[in-house]
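Each chain, letter by letter, is given below.
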Amino acid sequence: MDFELSEEQRAFAATARGFAAAELAPHAAQWDEEGIFPRDAIRRAGEVGFCGLYAPEAIGGLALPRLDATLVFEELAAVDPSTTAFLTIHNMAAWIIGTWGTDAVRSQWGPSLTAGQKLASYCLTEPGAGSDAASLRTRAERTADGWAIHGGKAFISGAGSTDLLVVMARSGGDGAGGVSAFAVPADAPGISYGQKERKMGWNSQPTRTIAFDGVHIPADHLLGREGEGFRIAMKGLDGGRINIATCSVGAAQGALGHAQRYLHERRQFGRELAQFQALQFRLADMATDLVAARQLVRLAASKLDAGARDATTYCAMAKRFATDAGFAICNEALQLHGGYGYLRDFPLERLVRDARVHQILEGTNEIMRVIVARRMLDDDAPDAIR
């Protein structure tokens, strides 16, 4: 068991760190303040491979292990969790297209997605189907030459500003087995978008509802086999949970770095804050929790890369722990800044706002506990966490 990164992995992380400093850091506060979706910056991320990190090489992706992708996302999220989170969603959608798309869909969309020239949204959640994703009601009905999609989606990242939608819709009966996955051009006739949601954080990416009113797509836009959509969605979410956990680790790392510097800069009662043992202890606890979260995320990513039977359980554990710890570390770093942490002149309040939603999306942390508990209580897996 080797916890050290290879030279190649360190190089990936260094490249991401440099990109974040040059392309994200100077603009992240403005994007948040003005609700700007930075397509140009995302396109430049595509130019260095960050829009297709683990997508197949056949569509222009880097086909990296999930572990290596976490190194990139962590560095980006240390500066701008909101934009990074959209990049992770786009990466997931590009991977789905590259893995389950037909030849026609892969050739039409794959290279432009991995290059960041076109962007994709992942459409699973509905107004009445959040945690209970298998109860989704959006329908896909067969037509003479394809499919017609009816229904609606909610809380879709990038909606109204992306080019392709990966849509989960019911093509069969009730339950998970009746769900199929489709590639839907975002400007197809019959699609309409709701107003941009006004959110606490994640303001550099738009979030909207989507309505589908008889949206026609060709037969070859079915992803995988009919009835395989829920399986595709869950496979996507295993990786998505690692991605969002990594965004929390990155945000926490960024917040911790700011706190370290501030404790040396700020003086009270005639000495640096760094000289107060109570604050030293708080900083030590923050660092310990951060390292624990990072290692659990990397363990889960390694299990997903290896195709381990318990990968889903570890992805849920990592998502629950890292997002809880990440938010707590960001919040504690804000507290250490006192009143200054509450001001938008400092990045702490933005990191706190952006990190909060990580405990909700990609499956709430309550659902993560359900997944872990089911595995532990499974009679066929008595040693589930060994």
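Predicted model, so just to flag it, every value in this text is computed and none were measured.

Help me understand the overall build of the chain, please; the structure alone is not making it clear to me.
Of regular secondary structure, the chain possesses 11 helices and 10 strands. Against the compact-globule benchmark of 21 Å for 386 residues, the chain has a radius of gyration of 21 Å, which places it among compact chains. Sorting the 386 residues of the chain into buried and exposed places 54% on the buried side. Sequence-distant contacts, at least 24 apart, represent 74% of the contacts inside the chain between residues at least 6 apart. Of the roughly 16700 Å² of accessible surface on the chain, 51% is carried by carbon and sulfur atoms. Charged side chains of the chain number 40 positive and 46 negative; the gap between the two group centres comes to 3 Å.

Got a minute to help me understand the layout of surface pockets in this structure?
One water molecule sets the probe size; rolling that probe over the atoms shows where empty space is left. Approximately 1400 Å³ is the volume found for the largest pocket. Lining the largest pocket are 49 residues, and of these Thr125, Leu237, Leu361, Glu362 and Gly363 sit closest to its centre. Of all elements in the fold, only helix H5 (81–100), strand E3 (146–157), helix H7 (229–265), helix H8 (277–306), helix H9 (311–336), helix H10 (348–356) and helix H11 (365–376) reach the threshold of two or more residues within the lining of the largest pocket. The element that contributes the greatest number of residues to the lining of the largest pocket is H7, accounting for 7 residues. Residues belonging to the lining of the largest pocket are distributed by class as follows: 24 nonpolar, 10 polar and 15 charged. Space inside the second largest pocket adds up to approximately 300 Å³. Contributing to the lining of the second largest pocket are 12 residues, with Asp2, Phe3, Arg298, Leu299 and Ser302 lying nearest its centre. Of all the elements, H8 adds the most residues to the lining of the second largest pocket, at 5 residues. Along the lines of polarity and charge, the residues of the lining of the second largest pocket split into 5 nonpolar, 3 polar and 4 charged.

Sorry, what's going on with helix H4 (residues 66–77) here?
In an α-helix, one turn spans 3.6 residues; hence positions three or four apart end up facing the same way. With 12 residues, H4 extends 16 Å from end C-alpha to end C-alpha; this agrees with the ideal 16 Å at 1.5 Å per step. Counted residue by residue, H4 has 12 buried out of 12 residues, so it is predominantly covered. The elements touched by buried residues of H4 are helix H1 (7–24), H5, H7 and H8.

I tried to follow H5 on my own but got confused; where do I start?
End to end, H5 covers 28 Å across 20 residues, agreeing with the expected 28 Å (1.5 Å per residue, within 8%). The buried count for H5 comes to 19 of 20 residues, which makes it a mostly enclosed element.

Got a minute to help me understand the packing of aromatic side chains in this structure?
Summed over the entire model, instances satisfying the criterion amount to 6 aromatic pairs. Taken together, a centroid distance of 5.2 Å and an interplanar angle of 65° make the contact between tryptophan 147 and phenylalanine 182 edge-to-face. Separated by 35 residues along the polypeptide, tryptophan 147 in strand E3 and phenylalanine 182 in strand E5 (residues 179–185) bring together distant segments of the chain. A relative accessible area of 0% means that phenylalanine 182 is categorised as buried. Between tyrosine 340 and phenylalanine 346, the ring centres sit 5.7 Å apart and the planes meet at 50°, which makes this aromatic pair tilted. Put simply, the rings of Tyr54, Trp95 and Trp100 touch in pairs and so form one group of aromatic residues. Above the plane of the ring of tyrosine 54 lies arginine 66, whose end atom (NZ or CZ) is 3.7 Å from the centre.

Please explain the nonpolar core as it appears in this structure.
One recurring pattern in soluble globular proteins is that nonpolar side chains are buried together. Counting 55 residues, the largest nonpolar core has Leu76, Ile96, Tyr122, Met168 and Leu223 as the members making the most contacts within it. Top contributing element to this core by residue count: H5, with 11 residues. With near-sequence residues (within four places) excluded, leucine 223 lies in contact with Ile96, Ile97, Trp100, Gly101, Val105, Val166, Ala181, Phe182, Ala183 and Ile232. Residues Leu263, Ala301, Tyr314 and Ala318 belong to the second largest nonpolar core, which totals 38 residues.

Hey, could you run me through the pattern of salt bridges in this one?
Pairs can form between side chains of opposite charge once their charged atoms are near each other. Per the stated rule, a full pass over the model turns up 21 salt bridges. The partner of arginine 44 in a salt bridge is glutamate 23, with the nearest N and O atoms 2.8 Å apart. One end of the pair, arginine 44, is in helix H3 (residues 39–47); the other, glutamate 23, is in helix H1, with 21 residues separating them in the sequence. Given the relative accessible area of 27%, arginine 44 is considered partly exposed. With its nearest N and O atoms 2.7 Å apart, the salt bridge here joins arginine 142 to glutamate 226. With a gap of 84 residues between them, arginine 142 in strand E2 (residues 139–143) and glutamate 226 in the loop between strand E8 (222–223) and H7 connect regions that are remote in the sequence. Take arginine 142: its relative accessible area is 58%, and that puts it in the exposed class. Each of Asp32, Glu33, Arg344, Glu349 and Arg353 takes part in one network of salt bridges that share partners.

Basis of the calculations
- Residues numbered from 1 in each chain as written.
- Predicted model: local features only at pLDDT ≥ 70, side-chain atom pairs only at ≥ 80, totals over all residues.
- Heavy atoms only, no water.
- Helix = DSSP H or I, 4+ residues; strand = E, 2+ residues; numbered from the N terminus.
- Rg over C-alpha atoms; globule rule 2.2 N^0.38 Å.
- Buried < 20%, exposed > 50% of the residue type's maximum accessible area, 1.4 Å probe, protein only.
- Contact = heavy atoms within 4.5 Å.
- Areas by Shrake-Rupley, 256 points an atom, 1.4 Å probe, with all protein chains shown as cover.
- Lys, Arg positive; Asp, Glu negative; His and termini not counted.
- Charge placed at Lys NZ, Arg CZ, Asp CG, Glu CD.
- 1 Å grid on protein atoms, 1.4 Å probe; cavity = no way out; pocket = protein on both sides within 12 Å on 5 of 7 lines; lining within 4 Å.
- Points joined across faces, edges and corners; volume = space filled by probe spheres on them.
- Nonpolar A, V, L, I, M, F, W, Y, C, P; charged D, E, K, R; others polar.
- Expected span 1.5 Å × (residues − 1).
- Phe/Tyr/Trp six-rings, centres within 6.5 Å; stacked < 30°, edge-to-face > 60°.
- Lys NZ or Arg CZ within 6 Å of the ring centre and 35° of its normal.
- Core = buried A, V, L, I, M, F, W, Y, C linked by side-chain atoms within 4.5 Å.
- Salt bridge = Lys/Arg side-chain N within 4 Å of Asp/Glu carboxyl O.

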